[in-house]
Amino acid sequence: MSRGRLLESSRPARDGDHLLSSQIRTRFLEYFQARGHLLVPSASLVPEDDPSLLLVGAGMVPFKPYFLGRKQPPAPQLTSCQRAFRAVDIEEVGNSTRHHTFFEMLGNFSFGSYFKEEAIRYAHQFLTAELGLDPDRLHFSIHPSDTVSERLWREVAGVGPERIVALEDNFWQAGATGPFGVDSEIYYDLGQEYGDAPGETPGRGDRFLEIWNLVFMDSERLPDGSAVPLSRPGVDTGMGLERITRVLQGKSSNFETDLFAPLIQDLSQRASALDQVGEEGGRRHLWTLADHARGACALISDGVRPSNEGRGYVLRRLIRRALVSAQILELTGGLAPAARVVAQILKDPMPQLGGQVGEIQSVLREEEARFAEVLDRGLGLFLRLAAEGSPITAEDAFRLHDTFGFPIELTRDLAASRGLEVDTAGFERLLEEQRQRGRGPEGAELPALPASEFVGYERMEIEARVELVLSAGRPAERLGQGERGEVVLSRSPFYPEGGGQVGDRGRLTWPGGAAEVEDTRAGGQGSQLVACLVTRGQLETGLAVQAEVDPDHRLGCASHHSATHLLNSALRLVLGPEVAQRGSLVTPDHATFDFSWPRPLTPEEVLAVERRVNDAVRQDLPRQVELLTLEEARSSGAVSLEGETYREPVRVVSFRSFSRELCGGTHVAASGQLGAVVLTGERSVGQGLRRLELRAGIAAERWWETQRGLVQQTALALGSPPAEVASRAAILRDRARGLERALRDASQRRGGAELSLSFPGGELPVHDSPLPLERAEMRRLGEGLAERAPAGSAAVLAGGTLLLLFGAQLTRRGLAAGELAKRVCSALGGSGGGRPELGQGTLPQGEHAAAIRELRNILEKLPEEA
């Protein structure tokens, strides 16, 4: 694929070219505010008090209680720009110019204040009078039964009947239950170049782009499937910012707008294999990466973390799908560096992203490392199959996918690079068969599995019978040595992943054979799936086995799970009863605890919480377990996780009166078994969400040993006793700052050299100082030079550091500051990188002159600007 063509098409709109996305967003919200609508901020992507939805997929989701009359809205008319996520479109992303997983939904809403006539008038006036769209290029669809909307489009908006079409699909409902109604959609005619066949009509084909949906809510769907009228009909409209920005910026795809272009540029510059995958393949993978990077950052910002269930699985699938494209494009640095670009693009609607970049990158890198392990396991089988030189069969592709987690996209691309075909049609058939059996790639439950009695609360080792063997997700007679699969046991001591706690590990043994239990998960309807690797012999259906839980793994998990219960109570005691748990992760060596709180905890608060927890540990509070009805549990003061669905009877775990929670996890017999709990970190994981990291028991002891070793090593390096490390470090810090100030003063006295490098159509001012400067000072110096330069660009060299600031005159000619910094510094034995508008790097001592020569040579070869 031609990088030049890609960068040209992905260049963001500039002031004076078209409206920027930020301007469109502002115009929409101000338009409706001026017409009596109250502006409300975007809600989190994680729905509040709505178990019917995994994620917020539309602008109206936060307002469902208002439509249903269960809560009073803050005003009868609202407007918002709501971030939204739809996993249903994930397979379309990369192949479509218009589909996304994560997007921004502009909306105006009425709760009994106005209905169809005003909604139609507002929409038509905004698009034509406010945004200046050609009315003749707007087309409209209605439900066949909605003769009122058809009449209003003609009478209120002056639309001819030839531009109104009736579609059965014009009906909208938020989730399995809740408000619903017919809708009317607005389409923009992109032109004949997008399709001129007779079948190209609104709702069919690529020529007509849906940009706005007006939903007229007048009914409620009940859990039994019946419908009742709403007490007050309402209006819910949604216009995708990405699509209307594409129209107003005159782009051929959403990915060429300023909502994606900086990200596409960053990704393309880091994609080493972009030229090898072809134009169509390069575009598909870059679009996939750009969309999924935005979606992953937004989900992580709102507190979602990768897991094997629920919204955590949606995030895991999203990240791994992006990582497949990253592997194929050989993306330097992987997905994590994109987080900083995403934060810049979304700085207006999601300003919190800027302070979360480090956390987001950490989550992405951790998931990338886990995925690398998955790929390593599957790659061996793929290479064996490829060595045979025959096409990859559907069965082999499915086994790679289901047993090893090897994505079909990666199988297809790796096979193509070796001149091999893959039976993708057969693979899709097997995948659909799996979905029909109930265990699809979305992680749904298997309804037809045999039951498995869980006895793991009482026993760690039992005899059991193998009721079912699964290989590649399909029933099999046996698993041979070296093969991975899953089994269902008649009885199981293994705790399945759930409630934030990871699944048990252990061993299965039988005469002449053994298998390592690598994970355990729920299979639905009282069943369990035990994932295992056969290390000796054959594991067959009907076999009697000895099932044994790894005691160290179980004790570590139980200790950390009990510690989170004590922590939950301690937080409420120290901060107040308004603290609410939002999630947790429990592993053998650490745990995390997410909770609602509007600000960072002070060091004093963290210490007070930790002391409360350890007071409870020292009291050696016995654990008590009760089975109660949900009403009995809540009336007894038991704490539950908001949004969680519980089946009765519920299990209540208590540590005397200190802690009482609904919980299905494993725990220590008494709090004293924890030994101690240490809080090792506190940080933000989303707006209004904090995370505490902790270690308990042996893991706490190991953490203290590590910290003590670090203090001792630091004391040795400083030549001071451990007790004086802090004061000694403070003295050295102050001395270093004094030396830095002296160096800066000397640099300013010497002034440094200033010169200009010419290029066709402009000049690049350069400040060259032999002495080092702080990065912030280099940035200020460069920005000052760039402001005075006609090209809006500058370079600063200071003490072996290079900084490049490029304005539009250079970036629109395909010259990226980050790429140039990397090229110049690498050529001289250093390193560099960055973004199109900002690049930096390090040089060996004494190489300033060589760097300036390299810059001059590159700039002089720039073509004349068109």
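In this text, all values refer to a predicted model and were calculated from it rather than measured experimentally. (Residues numbered from 1 in each chain as written. Predicted model: local features only at pLDDT ≥ 70, side-chain atom pairs only at ≥ 80, totals over all residues. Heavy atoms only, no water.)

Peer 1: I'd like a rundown of the overall build of the chain, residues and numbers included.
Peer 2: A count of helices and strands for the chain gives 23 helices and 33 strands. For the chain, whose C-alpha radius of gyration is 30 Å, the value lies close to the compact-globule estimate of 29 Å for 866 residues. Taken along its principal axes, the extent of the C-alpha atoms in the chain is 85 × 80 × 65 Å. Within the span of the chain, comprising 866 residues, buried residues form 53% of the whole. A separation threshold of at least 6 residues defines the contact pool for the chain, and within that pool the share at least 24 residues apart is 68%. Only carbon and sulfur atoms are counted for the fraction: they give 48% of the accessible area of the chain, which is about 37,900 Å². (Helix = DSSP H or I, 4+ residues; strand = E, 2+ residues; numbered from the N terminus. Rg over C-alpha atoms; globule rule 2.2 N^0.38 Å. Buried < 20%, exposed > 50% of the residue type's maximum accessible area, 1.4 Å probe, protein only. Contact = heavy atoms within 4.5 Å. Areas by Shrake-Rupley, 256 points an atom, 1.4 Å probe, with all protein chains shown as cover.)

Peer 1: Tell me what's going on with the pattern of salt bridges, and back it up with residues and numbers.
Peer 2: Across all of its chains, the model carries 34 salt bridges by this definition. Among the ionic pairs, Arg370 bridges to Glu366, the shortest N-O distance being 3.2 Å. Linking Arg370 with Glu366, this pair stays in helix 11 (residues 357–387), spanning 4 residues, or about one helical turn. With its nearest N and O atoms 3.8 Å apart, the salt bridge here joins Arg702 to Glu705. With Arg702 and Glu705 both in helix 18 (residues 698–718) and 3 residues apart, this pair spans about one turn of that helix. The class for Arg702 is partly exposed, based on a relative accessible area of 44%. (Salt bridge = Lys/Arg side-chain N within 4 Å of Asp/Glu carboxyl O.)

Peer 1: Now, about the environment of Leu739: what can you tell me, with residues and values included?
Peer 2: On the secondary structure map, Leu739 appears in helix 19 (residues 725–750). Classification of Leu739 as exposed rests on a relative accessible area of 54%. Between the C-alpha atom of Leu739 and that of Phe593, which follows or precedes it by 146 residues, the distance is 43 Å.

Peer 1: Tell me about unusual backbone geometry, and name the residues and values.
Peer 2: Residue Glu330 is not a glycine yet carries a positive backbone phi of 55 degrees. Position of Glu330 among the secondary structure elements: in the loop between helix 9 (310–329) and helix 10 (338–345).

Peer 1: Lay out the packing of aromatic side chains with the relevant residues and their values.
Peer 2: On inspection of all chains with the given rule, the structure shows 23 aromatic pairs. Considering the side-chain rings of Phe255 and Phe260, the 4.8 Å spacing of their centres and the 55 degrees angle between planes classify their relative orientation as tilted. With relative accessibility at 0%, the residue Phe260 sits in the buried group. Here the aromatic residues Phe28, Tyr31, Phe32, Tyr114, Tyr122, Phe126 and Trp212 are joined through ring pairs into a cluster of three or more. Above the plane of the ring of Trp287 lies Arg283, whose end atom (NZ or CZ) is 5.8 Å from the centre. Over the aromatic face of Phe260 sits the side chain of Arg294, whose NZ or CZ is 4.3 Å from the ring centroid. (Phe/Tyr/Trp six-rings, centres within 6.5 Å; stacked < 30°, edge-to-face > 60°. Lys NZ or Arg CZ within 6 Å of the ring centre and 35° of its normal.)

Peer 1: If you had to explain the packing of helix 7 (residues 261–270) against helix 10 to someone new, which residues and values would you point to?
Peer 2: Two elements in contact, helix 7 and helix 10, have axes whose closest approach is 9 Å; the angle formed by their N-to-C orientations is 165 degrees. The orientation of helix 7 with respect to helix 10, classified from their angle, is roughly antiparallel. With respect to the hand of their crossing, helix 7 and helix 10 are arranged in right-handed fashion. Contact residues: helix 7 offers Pro262, Leu263, Asp266, Leu267 and Arg270, while helix 10 offers Ala338, Val341, Val342 and Ile345. For the contact of helix 7 with helix 10, the per-class residue count stands at 7 nonpolar, no polar and 2 charged. (Axes fitted to C-alpha atoms, helices over the stretch in contact; angles between N-to-C directions. Parallel < 35°, antiparallel > 145°, perpendicular 65-115°, else oblique. Left-handed = near helix turned anticlockwise from the far one by under 90°. Nonpolar A, V, L, I, M, F, W, Y, C, P; charged D, E, K, R; others polar.)

Peer 1: Could you give me a rundown of the confidence of the model for the chain, with the residues and numbers involved?
Peer 2: The pLDDT averaged across the chain works out to 87; a share of 91% of its residues lies at or above 70. Across residues 4–17, where pLDDT falls below 50, the model places 35 contacts with residues more than four positions away in sequence or in other chains. Between residues 438–447, whose pLDDT stays under 50, and residues either more than four places distant or in other chains, the model counts 33 contacts. (pLDDT = per-residue confidence, 0-100.)

Peer 1: Lay out the environment of Ala339 with the relevant residues and their values.
Peer 2: Residue placement: Ala339 occurs in helix 10. Among the residues examined, Ala339 registers a relative accessible area of 2% and is labelled buried. Taking the C-alpha atoms as reference points, Ala339 and Leu263, 76 residues apart in sequence, are found 9.3 Å from one another. Beyond its immediate chain neighbours, meaning those up to four positions away, Ala339 contacts Cys297, Val357, Ile360 and Gln361.

Peer 1: How would you explain a negative patch on the surface if you had to name every residue and give the values?
Peer 2: Residues Glu461, Glu463, Glu548, Asp550 and Asp552 make up a contiguous surface patch of negative charge. Position of Glu548 relative to the elements: it lies in strand 20 (residues 544–549). Since its relative accessible area comes to 34%, Glu548 is described here as partly exposed. (Patch = residues over 30% accessible without salt bridge, like charges linked within 9 Å, V, L, I, M, F, W, Y side chains within 5 Å. Lys, Arg positive; Asp, Glu negative; His and termini not counted. Charge placed at Lys NZ, Arg CZ, Asp CG, Glu CD.)

Peer 1: Help me get a handle on the nonpolar core, residues and values and all.
Peer 2: The biggest cluster of nonpolar side chains holds 111 residues, and the ones touching the most others in it are Leu127, Trp153, Ile211, Trp212 and Ile244. Setting aside anything within four residues of it in sequence, one finds Trp153 in contact with Ile120, His124, Phe140, Ile142, Gly158, Val159, Ile164, Ser184, Ile186 and Leu214. Ala558, Ala563, Phe655 and Leu694 belong to the second-largest nonpolar core, a separate cluster that totals 29 residues. (Core = buried A, V, L, I, M, F, W, Y, C linked by side-chain atoms within 4.5 Å.)

Peer 1: Just give me the short version of the packing of helix 7 against helix 8 (residues 278–301), but keep the residues and values in it.
Peer 2: Between helix 7 and helix 8, whose axes approach to 10 Å, the crossing angle comes to 120 degrees. Taken together, helix 7 and helix 8 sit at an angle that is classed as oblique. Classified by chirality, the crossing of helix 8 by helix 7 is right-handed. Counting all contacts with helix 7, which are made through Leu263, Ile264, Leu267 and Ser268, the residues of helix 8 involved are Leu286, Trp287, Leu289, Ala290, Ala293 and Arg294. For the contact of helix 7 with helix 8, a count of residues per class yields 8 nonpolar, 1 polar and 1 charged.

Peer 1: Explain the sheet that holds strand 23 (residues 623–628) to me, using residue names and the numbers behind them.
Peer 2: Within a beta sheet, neighbouring strands are joined by backbone hydrogen bonds and run either parallel or antiparallel to one another. Reading across the sheet, the 3 strands line up as 23-24-25 and stay open at both edges, with antiparallel pairing between neighbours. In this open sheet, the two strands that pair with only one neighbour each are strand 23 and strand 25 (659–662). Averaged over neighbouring strand pairs, the angle between their axes works out to 20 degrees when direction is ignored. Relative to strand 25, strand 24 (residues 650–655) runs antiparallel, the two sharing 4 bridges. Residue pairing in the sheet places Ser654 in a bridge with Arg660 of strand 25. The sheet strands contacting helix 15 (residues 551–575) are strand 24 and strand 25, and the helix crosses strand 25 at an angle near 115 degrees. (Pairing = 2+ DSSP bridges.)

Peer 1: Any details on helix 4 (residues 116–130)? Residues and values, ideally.
Peer 2: Spanning 15 residues, helix 4 covers 20 Å between terminal C-alpha atoms, matching the ideal 21 Å at 1.5 Å per step. Residues Lys116, Ala119, Ile120, Tyr122, Ala123, His124, Phe126, Leu127 and Thr128 constitute the buried set of helix 4. Downstream of helix 4 by a residue or two, Gly132 has a phi angle that is positive, lying close to 80 degrees. (Expected span 1.5 Å × (residues − 1).)

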